Amino acid sequence: HRNKNFRLVDAMLQRVRDHVGDHVYPIHRLDRNTSGCLLFATRRELAGPLSACLAAGDARKTYVCLVRGAFEAEGEVIAETPMKVSDGIFKEARSVVDRLGMSHDPRSSLLRVRPQSGRFHQVRRHVRDLHHPIIHDGDHGDSRINRWWKTHYGVTRLSLHCLHLEIPNPHGGRIHATCPLFEDLTEV
């Protein structure tokens, strides 16, 4: 969505609102420059229950990310670094991480990350804490490495994508959303 730092940006909230022709309520949002599944409600009475499901950890999310270095671990790795949510207050955070692929030249890995909680920058911080920052992450990565990837492979945005989102539907059943990997990251 637009904010004081990005007043003139073509933001998804406004694009969806204009497409639908009515007010929409963001349920599952992504950091700027992250691609993948978003979820909006078109009715206020659905926004609260859907947001509560996300806050309670009832949603299942799957991300893929391209990270620096060879992720050597076999099988699942649990990252449980608590996340700071406000001044001096930390909350538990848990992500399940596993390797989908690895390259030795350039040293990089493709990871699947399934956050079990929904903290700010959780996926980005957990993989960084595992010593594998996401390629082109300006906040938690390495600017020298990011410049190298931009020069050699054309990576100009965060290499993070929300591949799948599953959340309980207030009317019963579950909502499943899948978004294929965008072409810019698929090529890399």
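Residues numbered from 1 in each chain as written. Predicted model: local features only at pLDDT ≥ 70, side-chain atom pairs only at ≥ 80, totals over all residues. Heavy atoms only, no water.

(A) Molecular detail of the overall build of the protein. Helices and strands together make up the secondary structure of the protein, namely 5 helices and 11 strands. Taken over the C-alpha trace, the protein has a radius of gyration of 17 Å; the compact-globule value for 188 residues is 16 Å, and the two agree within 12%. Its C-alpha atoms give the protein principal-axis dimensions of about 50 × 35 × 35 Å. Per-residue burial for the protein yields a buried fraction of 39% across its 188 residues. A fraction of 56% describes how many contacts in the protein between residues 6 or more apart in sequence connect residues 24 or more apart. In the protein, the 28 positive side-chain charges and the 22 negative ones have mean positions that sit 5 Å from each other. (Helix = DSSP H or I, 4+ residues; strand = E, 2+ residues; numbered from the N terminus. Rg over C-alpha atoms; globule rule 2.2 N^0.38 Å. Buried < 20%, exposed > 50% of the residue type's maximum accessible area, 1.4 Å probe, protein only. Contact = heavy atoms within 4.5 Å. Lys, Arg positive; Asp, Glu negative; His and termini not counted. Charge placed at Lys NZ, Arg CZ, Asp CG, Glu CD.)

(B) Geometry of helix α4 (residues 143-153). Every buried residue belonging to α4 is among I145, N146 and W149, and all of these are buried. Projection of α4 onto a plane perpendicular to its axis shows the buried side chains occupying an angular sector of 100°, all on one side. Exposed and oriented more than 90 degrees from the buried face of α4 are R144, R147 and T151. Packing partners of the buried residues in α4 comprise β4 (60-68) and β9 (107-115). Two or three places before R144, at the start of α4, stands the capping residue D142, its side-chain oxygen 2.9 Å from that residue's backbone nitrogen. Two residues or fewer after α4 comes G154, characterised by a positive phi angle close to 70°. (Arc of directions from axis to C-beta. Polar contact = N/O pair within 3.5 Å; in protein donor to acceptor, adjacent residues only side chain to side chain.)

(C) Fine view of helix α3 (residues 122-129). Counting buried residues in α3 gives 6 out of 8 residues, a clear majority hidden from the surface. All of the buried residues in α3 are Q122, V123, R124, R125, H126 and V127. Looking at the buried positions of α3, the neighbouring elements they touch are β4, β5 (77-79), β6 (83-86), β8 (95-104), β9 and β10 (160-168). Backbone geometry just downstream of α3 places H131 in the positive-phi region, at approximately 70°.

(D) Looking closely at the pairing of β4. Counting buried positions along β4 gives 7 out of 9 residues, so the element sits mostly inside the fold. Inspection of the sheet shows β4 paired to β10 by 6 bridges, in the antiparallel sense. Bridge assignment links Y63 to a residue of β10, and that residue is C162. Of the pairings in the sheet, the one linking β4 to β9 comprises 6 bridges and is antiparallel in character. Counted as the bridge partner of R68 is S108 from β9. (Pairing = 2+ DSSP bridges.)

(E) Geometry of the environment of V67. Note on placement: V67 falls in strand β4. Using a relative accessible area of 0% as the deciding quantity, one classes V67 as buried. Through-space distance from the C-alpha of V67 to that of V97 is 12 Å; in sequence the pair is 30 residues apart. Once residues within four sequence positions are removed from consideration, V67 is found in contact with R107, S108, S109, L111, V127, H132, P133, I134 and I135.

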